[in-house]
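Summary of the model geometry
So the chains spell out like this:
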Amino acid sequence: MILNYSHSNIKFEKNTVIIAGAGPGSKKLVTLKLKLILKLADIIIYDALVNKNILKDCKEKALLIYAGKTKKNSCTQSEINHLMVKYANLGKRVLRLKGGDVSFFSRASQEVQFLKENKIKFKVFTAITSSQASVSETNRLFFNKKRTCNFFTGHKKINSSSKEVDYSNISKNKGKIFIYMGISQIEEVSRNLQKNQISPDEKVSIVKNASLKNQKIYITNLKECTSFIKKNKITSPAILIIR
Ligand code: SAH
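Below is a short write-up of the structure. Here the residue numbering is sequential within each chain, running from 1 through the sequence in written order. Owing to the predicted nature of the model, reporting of local features is limited to residues with pLDDT of at least 70; listing and counting of side-chain atom pairs is limited to 80 or more, with chain, interface and lining totals taken over all residues. No hydrogens and no water enter the side-chain calculation; it runs on all heavy atoms of the structure.

Structural notes on the site of the ligand
One heavy atom within 4 Å of a molecule or strand is enough for the residue carrying it to be called near that molecule or strand. Neighbouring the ligand are 18 residues, the closest being Asp-101, Phe-104, Thr-129, Ser-130 and Ala-238. Residue Thr-129 places a side-chain N or O atom 2.6 Å away from an oxygen atom belonging to the ligand. The accessible surface values rely on the Shrake-Rupley method and a 1.4 Å probe; as for residues, cover is taken only from the protein chains in view. Coverage of the ligand by the protein chains reaches 93% of its 540 Å² of free accessible surface. Buriedness of a pocket was judged along seven lines, with at least five required to meet protein on both sides within 12 Å; pockets are open sets of points on a 1 Å grid over the protein atoms alone, cavities are sets where a 1.4 Å probe fits but cannot get out, and lining residues have an atom within 4 Å of a point. Occupancy of a cavity or pocket is assigned to a molecule whenever over half of its atoms lie within 2 Å of that pocket's grid points. Applying the majority rule of atoms within 2 Å of the grid points places the ligand in the largest pocket. Looking at the shell around the ligand residue by residue, the class counts come to 11 nonpolar, six polar and one charged. Two domains each put at least three residues into the shell around the ligand: domain 1 (16–125) and domain 2 (130–242). Throughout this description, a polar contact denotes any pair of N or O atoms lying within 3.5 Å of each other; where both atoms belong to protein, one of them has to be capable of donating a hydrogen while the other can accept it, and for residues adjacent in sequence the pair is counted only when both atoms sit in side chains. Lys, Arg, Asp and Glu make up the charged group, whereas Ala, Val, Leu, Ile, Met, Phe, Trp, Tyr, Cys and Pro make up the nonpolar group; the residues left over, Gly among them, are polar. Domain start and stop points were drawn from an automatic or database domain assignment.

What about the sheet that holds strand β10 (residues 238–242)?
Two strands pair under a simple rule: DSSP has to find at least two bridges between them. Secondary structure counts use DSSP, requiring at least four H or I residues in a row for a helix and at least two E residues in a row for a strand, with both numbered from the N terminus. If you walk across this open sheet you meet the five strands as β6-β7-β10-β8-β9, and the pairing is mixed. Lying at the two open borders of the sheet, with one neighbouring strand each, are β6 (149–153) and β9 (216–221). When the angles between neighbouring strand axes are averaged without regard to direction, this sheet yields 20°. With six bridges joining them, strand β8 (residues 203–208) and β9 adopt antiparallel strand pairing. Residue pairing for β9: Lys-208 is matched across the bridge by Lys-216. Note on definitions: a residue-residue contact is assigned when non-hydrogen atoms from the two residues lie within 4.5 Å. For helices, the axis comes from a line fit to the C-alpha atoms of the stretch in contact; other axes are also lines fit to C-alpha atoms, and the angle between any two N-to-C directions lies between 0 and 180 degrees. Each of β6, β7 (176–180) and β10 touches helix α7 (residues 186–195); the most contacted strand, β7, lies at about 160° to it.

Quick word on the side chain of Ser-26
Inspection of the secondary structure assignment puts Ser-26 in the loop between β1 (16–21) and α1 (32–38). Separated by 3.1 Å, the side chain of Ser-26 and the backbone nitrogen of Lys-28 make a polar contact. In this view, Ser-26 contacts Ser-211 and Leu-212; residues no more than four positions away in its chain are not counted.

Points about helix α3 (residues 77–89)
Here a helix's expected span is defined as the number of its residues, less one, multiplied by 1.5 Å. Given a rise of 1.5 Å per residue, 13 residues ought to cover 18 Å, and the 19 Å separating the end C-alpha atoms of α3 matches this to within 8%. Three exposure classes are used, based on accessible area relative to the maximum for each residue type with a 1.4 Å probe and protein chains only: buried under 20%, partly exposed in between, and exposed over 50%. Residues of α3 that are buried include every one of Gln-77, Ile-80, Asn-81, Leu-83, Met-84, Val-85, Tyr-87 and Ala-88, and no others. Those residues of α3 hidden inside the fold are in contact with β1, β2 (43–46), β3 (63–66), β4 (93–98) and α4 (108–117). Just past α3, the residue Gly-91 takes up positive phi, approximately 90°.

Quick notes on the layout of surface pockets
Grid points are joined across faces, edges and corners, and a volume is the space filled by probe spheres set on the points. The space that makes up the largest pocket amounts to roughly 1400 Å³. Lining the largest pocket are 42 residues, and of these Leu-49, His-155, Met-181, Ser-236 and Pro-237 sit closest to its centre. Of the residues assigned to the lining of the largest pocket, the class counts are 17 nonpolar, 18 polar and seven charged. Among the domains, domain 1 (16–125) and domain 2 (130–242) are the pair contributing at least three residues each to the lining of the largest pocket.

Some words on the sheet that holds strand β5 (residues 121–125)
The five strands lie next to each other as β3-β2-β4-β1-β5, forming an open sheet whose pairing is parallel. Strands at the two margins of the open sheet, each flanked by one partner only, are β3 and β5. Within this sheet the neighbouring strands show an average axis-to-axis angle of 20°, counted without direction. Of the pairings in the sheet, the one linking β1 to β4 comprises six bridges and is parallel in character. The partner of Gly-21 across the bridge, within β4, is Lys-98. α3 rests against β1, β2, β3 and β4 of the sheet, and its axis sits at about 155° to β4. Against the sheet, α4 engages β1, β4 and β5, with an angle of about 175° to β1.

In structure tokens, the structure reads:
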């Protein structure tokens, strides 16, 4: 079957915000939906982890606004929220573009809430998350026998209302573990996993820049992963995969 995905069956109306995921980085992993709306957006407010090459496909007159939360050039969540509302109220088609998928450890829910409060029409477009792009034969691609999968973030402030990670449950359920934003918190994460009876010899795969040309996969184990990361100077963005 050939998917007939033309401009005619995707609507991006004026005064509307679309919050979309740009995928883990590779242009080939961008969704068809995003490809289409990139050509229609007037304003694109994009995060630090969005591959800039993806933005090359936007329309010529689109205004690109960098909204990364990096140390060098930091944009607050409140500024992002207000930018979306401001441009939507000016009659623009606003694309809020986030790294990976919008549902995985992004502040999309806060943005949705703000848009609702300000009576702005919006849509949310899903995408491929970085942990999906990180799974390969090196870190045991086939995990269908395990009935559980755990995703958590090492970053505590990602959602101020979130509870602490339930390490004992993760240990008991024996499912594969994917950790987002774990590099800077690795010492605490690895200590907690071991304290909860996950073997110090358990394999840890670290996938840096998943899906991109400079992707690197490192293999270590739980007891050595903190020193391994320091020794190899591994920095974010990376996904840790355990089991
Ligand atoms: N919404 C995003 C996650 C945002 S949190 C998603 O669905 O992927 C940011 C974290 O995502 C990073 O610290 C890192 O752990 C992970 N990440 C994002 N892009 C990545 C990539 N290309 N390779 C490895 N990890 C990535």
